[in-house]
Amino acid sequence: MNLISLYYFTELAKELHMTNTAQKLYITQQNLSQHIQRLEQYYGVELFYRKPKLSLTYAGEQLLLAAGRILSEENDLKNRLSDISLLGAGNLKIGIPSYRGEICLPSILPRFHELWPYVSIQLVDTSSEVMEQMVFDGELDLYIGIKYTADPHLEILPLLDDNLFLVVSDSLMVKQLGEECGTVKRQSAGGVKLKEFKDFPFLLPKPPMRLRKMVDQCFLDAGFVPKVFLESSTTELLISLYPYDYGAFFCTQMRLPLLEEKAPDANTFPLMLNGEPVRHRLVLAYHKDRYLPKYMKDFIDITRDVFADLSDIRLDKKADRTAPFLQKKLSLTHKRAPKWHALSF
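This one's a predicted model, so the numbers in the text were calculated from it and none came from an experiment.

Draft legend 1. Spatial organisation of the packing of aromatic side chains. On inspection of all chains with the given rule, the structure shows 13 aromatic pairs. A centroid spacing of 4.9 Å and a plane angle of 90 degrees characterise the contact between Tyr42 and Tyr43, whose relative ring orientation is edge-to-face. A centroid spacing of 5.3 Å and a plane angle of 75 degrees characterise the contact between Phe219 and Phe224, whose relative ring orientation is edge-to-face. Classification of Phe219 by relative accessible area gives buried; the value is 2%. Among the aromatic side chains, those forming a connected cluster through ring pairs are Phe202, Phe219, Phe224 and Phe250.

Okay, here's the thing in C-alpha cells:
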C-alpha cells in the first residue's frame, strides 16, 4: 500500500469528482485513476461505484475511516522524526479565518520562518465548527479562532477577548434620532443599549455565523426584532458600505484597524449584554494526543506573543466617540504566561 495513493483516495472520496480532485492534487485524471486502481487491486475490493455517478462503496467507506487514522499517524510520525532531523523540516497545518490571518500572520510568520525555514505551512479557512472537527480528527495541527465551550480532547490556549462594537455614522444617528442624537451618543459611549437603536436598519452577519448568534441574543435581550437591510458573510463588505448609511452594523475588535482606515469618523459603541461587554473568546487549540515537535511549540509561543501585543493596542478615538474602558489596555484572557503553560478546559 502506498500512502500517496491512500491520500489521493481520501481527497477523491471527499470531492467525488475525478476532474476536480485531479486539478486540486495537480495530477492528471489518468494518474489519479491509476492510484485508485492500485488500491482496489491491493485490497481486492471496489472502492467506488462509477455509475450513475461516482460514489463510495461500503468497502470504500470503511477504507476512508481507516485512512484518516493512518494518515494522521503518519503525519504525527513525521513530526516526531523532524525533531531528529538536522534540517528541522516539517509541515504545519493551521485552521484560521482569512481576516484573522491577515491581521496576525504578517507578525507571526517572519519570526517563525527565521527559526524554521524548512517547515512548510498550509492554511485552511472554513467554518469554525468544521475546523474544530478537523483538529479533533487529526486533519489540522492547530486551530486559531472562536471557541466558547470546553472539550476534553483539546488543549485550549486563550489568546484574546475580542470585544464587539456597534458601528453607526453621525448622519444616520441624526436621521433616526433627531434631537436625541447627542444624548444617545453620550450614553452609548460607555456601552450601547440596543433598544435605543430599535428603529435603525441593520446590516448583519449571515446565520449561522457565531457573531450572528451572539448579536441575535443581544436583540432578544433588548426586546425587538431588527430591521435587516442586508446580510453578509464578511464584515469587510459591511465596512465598505458604511459611507452609504444603509444601516448600523457590528464589528469585532480585531477589525477596528480596518474600520479606522476606511471610516475614521465612525462611531464605535461597545456592545453590552446583561451589563457586561460582549466578547468573542479567541483561542488557539490543538488535540491533546497530538505530538508537538519543537517547531510547533515555537509557533504557538510566537502566536501568543503576537496576540499579547495586539491586546496592547490603544484605540485613538476622540473622547466623545470612544468608550472610556477602551482607553485602557484591551483585556486578554491570559497574561503573558510562562512558555508552555497550557490551559485545559
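Draft legend 2. Looking closely at the pattern of salt bridges. Inspection of every chain in the model, using the stated rule, returns 15 salt bridges. When the shortest N-O distance is used, the salt bridge between Lys294 and Asp298 registers 2.9 Å. Taken together, the positions of Lys294 and Asp298, both in helix H12 (residues 294–310) and 4 residues apart, correspond to about one turn of that helix. In this structure Lys294 comes out as partly exposed when scored by relative accessible area, which is 41%. Salt bridges here are not isolated pairs; linked through shared partners, they connect Glu129, Glu132, Lys147 and Arg210.

Draft legend 3. Examining the side chain of Arg100 more closely. Within the secondary structure, Arg100 sits in helix H5 (residues 98–115). Accessibility expressed as a relative area gives 2% for Arg100, which makes it buried. Filtering out sequence-adjacent residues up to four positions away, Arg100 remains in contact with Leu105, Ile146, Asp162, Met254, His280 and Leu282.

Draft legend 4. Inspection of the confidence of the model for the chain at higher detail. With 88% of its residues at a pLDDT of at least 70, the chain reaches an overall mean of 86. Within the chain, no element has a lower average pLDDT than helix H4 (residues 58–82), which sits at 83, and none a higher one than strand S7 (residues 201–205), at 97. Per-residue pLDDT stays below 50 along residues 314–345; that stretch engages in 84 contacts with residues further than four places along the chain or on separate chains.

Draft legend 5. Looking closely at the environment of Phe249. Counting through the fold element by element, Phe249 comes out in strand S9 (residues 248–252). Under the relative-accessibility criterion, Phe249 is labelled buried at 0%. In contact with Phe249, not counting residues within four places along its chain, are Phe165, Leu166, Val167, Leu203, Leu238, Ile239, Tyr242 and Leu259.

Draft legend 6. Helix H3 (residues 29–43), seen in detail. Over its 15 residues, H3 runs 21 Å from end to end, which matches the ideal 21 Å to within 8%, given 1.5 Å per residue. Looking at the buried positions of H3, the neighbouring elements they touch are helix H1 (3–15), helix H2 (18–25) and strand S1 (48–49). At the exit of H3 stands Gly44, carrying a positive phi of roughly 75 degrees.

Draft legend 7. Just the side chain of Asp151, in detail. Mapping Asp151 onto the fold places it in the loop between strand S5 (142–146) and strand S6 (154–168). Buried charged residue Asp151 carries no salt bridge. Nearest counter-charge: Lys147, at 4.6 Å. At 2.9 Å, the side chain of Asp151 and the backbone nitrogen of His153 are in polar contact.

Draft legend 8. Local environment of the packing of H1 against H3. Between H1 and H3, the least distance of the axes is 9 Å, while the angle of their chain directions is 110 degrees. Between H1 and H3, the crossing angle belongs to the class labelled roughly perpendicular. In this structure, H1 uses Ile4, Ser5, Leu6, Tyr8, Phe9 and Leu12 to contact H3, whose residues at the interface are Leu32, His35, Ile36, Arg38 and Leu39. Grouping the amino acids of the contact of H1 with H3 by side-chain chemistry returns 8 nonpolar, 2 polar and 1 charged.

Definitions and cut-offs
- Residues numbered from 1 in each chain as written.
- Predicted model: local features only at pLDDT ≥ 70, side-chain atom pairs only at ≥ 80, totals over all residues.
- Heavy atoms only, no water.
- Phe/Tyr/Trp six-rings, centres within 6.5 Å; stacked < 30°, edge-to-face > 60°.
- Buried < 20%, exposed > 50% of the residue type's maximum accessible area, 1.4 Å probe, protein only.
- Salt bridge = Lys/Arg side-chain N within 4 Å of Asp/Glu carboxyl O.
- Helix = DSSP H or I, 4+ residues; strand = E, 2+ residues; numbered from the N terminus.
- Contact = heavy atoms within 4.5 Å.
- pLDDT = per-residue confidence, 0-100.
- Expected span 1.5 Å × (residues − 1).
- Lys, Arg positive; Asp, Glu negative; His and termini not counted.
- Polar contact = N/O pair within 3.5 Å; in protein donor to acceptor, adjacent residues only side chain to side chain.
- Axes fitted to C-alpha atoms, helices over the stretch in contact; angles between N-to-C directions.
- Parallel < 35°, antiparallel > 145°, perpendicular 65-115°, else oblique.
- Nonpolar A, V, L, I, M, F, W, Y, C, P; charged D, E, K, R; others polar.

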